[in-house]
Amino acid sequence: MDRQVLAQGRAPGVDARDQHNARSYLIGLLYALPLTGASFWAATTSFVYAPAVPVLLAVLAIAQMGVHLAFFLHISSAPDQTNNFLALAFGVFVTGLIVFGSMMIMSHLNHNMMSMDQLMRMQR
Amino acid sequence: MSAAENALAPDSGIPLSLRGPAPVRVVAGFGFWLFLLSDIILFAALFAAYSVLSGSTAGGPTAAELFDKKHVFAETLCLLASSVTCGFGSLAVQRTDARAMYFWMGITFLLGATFLTLEGREFAGMVSAGAGPSHSAFLSAFFTLVGTHGLHVTLGLVWLLIMLLQVTTLGFQPMVGRRFFAFGLFWHALDIVWIGVFTIVYLGAK
């Protein structure tokens, strides 16, 4: 079974090194807990320069997603994971396109539109 | 090792294109992985809607006034812990160790149910305070996004119960193992979506 899997690629979620390895989940927890704590700390503290907080939160969130992918879902860039990794890359690409594309278009639209208050005043 | 398995070995000298289809477990896992990615794209659309509408409060309560960060922190810890216990449960399924499986998956179920209870209490509190989904575009987007995640968790719990029943009735057959495996992927993916939810919705609240 193992040799078959090596020849034909690997399903996502299967640990490459050891099928019975609980350590991977514990390492993941060890990374994820401080990252979660740091996110909540960054959102409440006045220690960090306020306009930089959203960037810090984004960095922490992306790092934690990476930890979950690597240690819980066991996604890696190993040769037997090419299919899984390519699918993930496409998913991330589409997600980024939808989220940032929508935000950019809508902010430009808001910028070009007259504000609702002014519009109401003109109708009177 | 049989002749067929020999032919599948990486050093067999047979080109990849002539080795035949991949094992069911790999195909099923990859198919479910594609479904999960499409589900994440669904969430991407909801995140985009929320990001665009989060300022449109129509004179109602804003995100910063509504959300209690301690409450969200408890929810986050529940889901993170349940992801780890689900991992231990998956390992128990691979070992076909029924007792360890019931123990870890039972804890996973309890943590998931605790998460849902906390979220349900938050929603009920908001609706009774007059901040229901019909109040503003911001609240509509909030209830859609967080509610869809909650719905996924609910479905995950139902799936987990069904899987526990299947292990009880069918035992650790290969197909039960594959379904349990897909459940594990689903549960971990929900935790990844929740990272986006607590960062963008709760911590990013202005």
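Scroll up to find the structure this text is about.
Throughout what follows, the structure given in this document is the object of discussion. (Residues numbered from 1 in each chain as written. Chains lettered and ligands numbered in written order. Predicted model: local features only at pLDDT ≥ 70, side-chain atom pairs only at ≥ 80, totals over all residues.)

### Let's talk about the overall build of chain B
Inference 1: Within chain B, the regular secondary structure consists of 7 helices and 0 strands.
Inference 2: Here chain B, with 206 residues, has 38% of them falling under the buried criterion.
Inference 3: A sequence separation of at least 24 residues applies to 79% of the contacts in chain B between residues at least 6 apart. (Helix = DSSP H or I, 4+ residues; strand = E, 2+ residues; numbered from the N terminus. Buried ≥ 20, exposed ≤ 12 C-beta atoms within 10 Å, placed from the backbone. Contact = placed C-beta atoms within 7 Å.)

### With respect to the overall build of chain A
Inference 1: Counting its regular elements, chain A contains 5 helices and 0 strands.
Inference 2: Along chain A, helices (α) and strands (β) appear in the sequence α-α-α-α-α when read from the amino end.
Inference 3: Burial status across chain A gives 26% buried among its 124 residues.
Inference 4: Taking the intrachain contacts of chain A between residues at least 6 apart in sequence as the baseline, contacts between residues at least 24 apart amount to 61%.

### Thoughts on the nonpolar core
Inference 1: Counting 69 residues, the largest nonpolar core has B:Phe47, B:Leu145 and B:Val201 as its most contacted members.
Inference 2: Only helix H2 (23-44), helix H3 (53-72) and helix H4 (82-112) of chain A together with helix H2 (24-53), helix H4 (69-94), helix H5 (98-128), helix H6 (137-170) and helix H7 (174-203) of chain B provide two or more residues apiece to this core.
Inference 3: Looking at which element gives the most residues to this core, the answer is H7(B), with 18 residues.
Inference 4: Setting aside residues up to four positions removed in sequence, B:Val201 forms contacts with B:Tyr50, B:Phe142, B:Leu145 and B:Val146. (Core = buried A, V, L, I, M, F, W, Y, C linked by C-beta atoms within 7 Å.)

### Some thoughts on the interface of chain A and chain B
Inference 1: Tallying the contact residues gives 42 residues for chain A and 44 residues for chain B.
Inference 2: Secondary-structure elements contributing two or more residues to the side of chain A that touches chain B are helix H1 (2-8), H2, H3 and H4 of chain A.
Inference 3: The biggest single contributor to the side of chain A that touches chain B is H4(A), with 12 residues.
Inference 4: Residues belonging to the side of chain A that touches chain B are distributed by class as follows: 24 nonpolar, 16 polar and 2 charged. (Nonpolar A, V, L, I, M, F, W, Y, C, P; charged D, E, K, R; others polar.)

### Remarks on the packing of H4(A) against H2(B)
In a pair of packed helices, the angle between the axes and the distance between the axes together describe the arrangement.
Inference 1: For the pair H4(A) and H2(B), the least separation of the axes is 9 Å and the interaxial angle reads 10°. On the basis of their axis angle, the class for H4(A) and H2(B) is roughly parallel. Where H4(A) crosses over H2(B), the handedness of that crossing is right-handed. From H4(A), A:Asn83, A:Asn84, A:Ala87, A:Leu88, A:Gly91, A:Val94, A:Thr95, A:Ile98, A:Val99, A:Ser102, A:Met103 and A:Met106 reach across to H2(B), where they touch B:Phe30, B:Trp33, B:Leu34, B:Leu37, B:Ile40, B:Ile41, B:Ala44, B:Ala45, B:Phe47, B:Ala48, B:Ser51 and B:Val52.
Inference 2: In the contact of H4(A) with H2(B), the residues fall into 18 nonpolar, 6 polar and no charged. (Axes fitted to C-alpha atoms, helices over the stretch in contact; angles between N-to-C directions. Parallel < 35°, antiparallel > 145°, perpendicular 65-115°, else oblique. Left-handed = near helix turned anticlockwise from the far one by under 90°.)

### Quick word on H4(B)
Inference 1: Helix length check: H4(B), at 26 residues, gives a terminal C-alpha distance of 38 Å against a target of 38 Å (1.5 Å per residue), a fit within 8%.
Inference 2: Directly after H4(B), the chain includes B:Thr96, whose backbone phi takes a positive value near 50°. (Expected span 1.5 Å × (residues − 1).)

### Some words on unusual backbone geometry
Residue and element names in this part refer to chain B.
Inference 1: Look at Ala58: it is not a glycine, yet its phi comes out positive at around 50°.
Inference 2: Here Ala58 shows up in the loop between H2 and helix H3 (63-66).
Inference 3: Residues other than glycine seldom take positive phi values, yet Thr96 does so here, at roughly 50°.
Inference 4: With respect to the secondary-structure elements, Thr96 resides in the loop between H4 and H5.

### Section: the environment of B:Gly60
Residues and elements named next belong to chain B.
Inference 1: Here Gly60 lies in the loop between H2 and H3.
Inference 2: Linking Gly60 and Gly130, residues 70 residues apart in sequence, is a C-alpha distance of 9.1 Å.
Inference 3: Leaving out residues up to four positions away in the same chain, Gly60 has contacts with Ala131, His135, Ser136 and Leu139.

### Brief notes about H5(B)
Since the α-helix packs 3.6 residues into each turn, any two residues three or four apart lie on the same face.
Residues and elements named next belong to chain B.
Inference 1: The terminal C-alpha atoms of H5, which comprises 31 residues, lie 44 Å apart, in line with the 45 Å expected from a rise of 1.5 Å per residue.
Inference 2: Among the residues of H5, those classed as buried are Met101, Trp104, Met105, Thr108, Leu111, Gly112, Phe115 and Glu119.
Inference 3: Residues of H5 that are buried in the fold lie against H4 and H6.
Inference 4: Following H5 by one or two positions, Gly130 adopts a phi angle in the positive range, close to 85°.

### Quick notes on the packing of H5(B) against H6(B)
Residue and element names in this part refer to chain B.
Inference 1: The geometry of H5 relative to H6 is characterised by a closest axis approach of 10 Å and an angle of 155° between their N-to-C directions. The pairing of H5 with H6 is recorded here as roughly antiparallel in orientation. In this structure, H5 meets H6 at a crossing whose hand is left-handed. In this structure, H5 uses Ala98, Met101, Met105, Thr108, Phe109, Gly112, Ala113, Phe115, Leu116 and Glu119 to contact H6, whose residues at the interface are Gly150, Val153, Thr154, Gly156, Leu157, Leu160, Leu164 and Val167.
Inference 2: Along the lines of polarity and charge, the residues of the contact of H5 with H6 split into 12 nonpolar, 5 polar and 1 charged.

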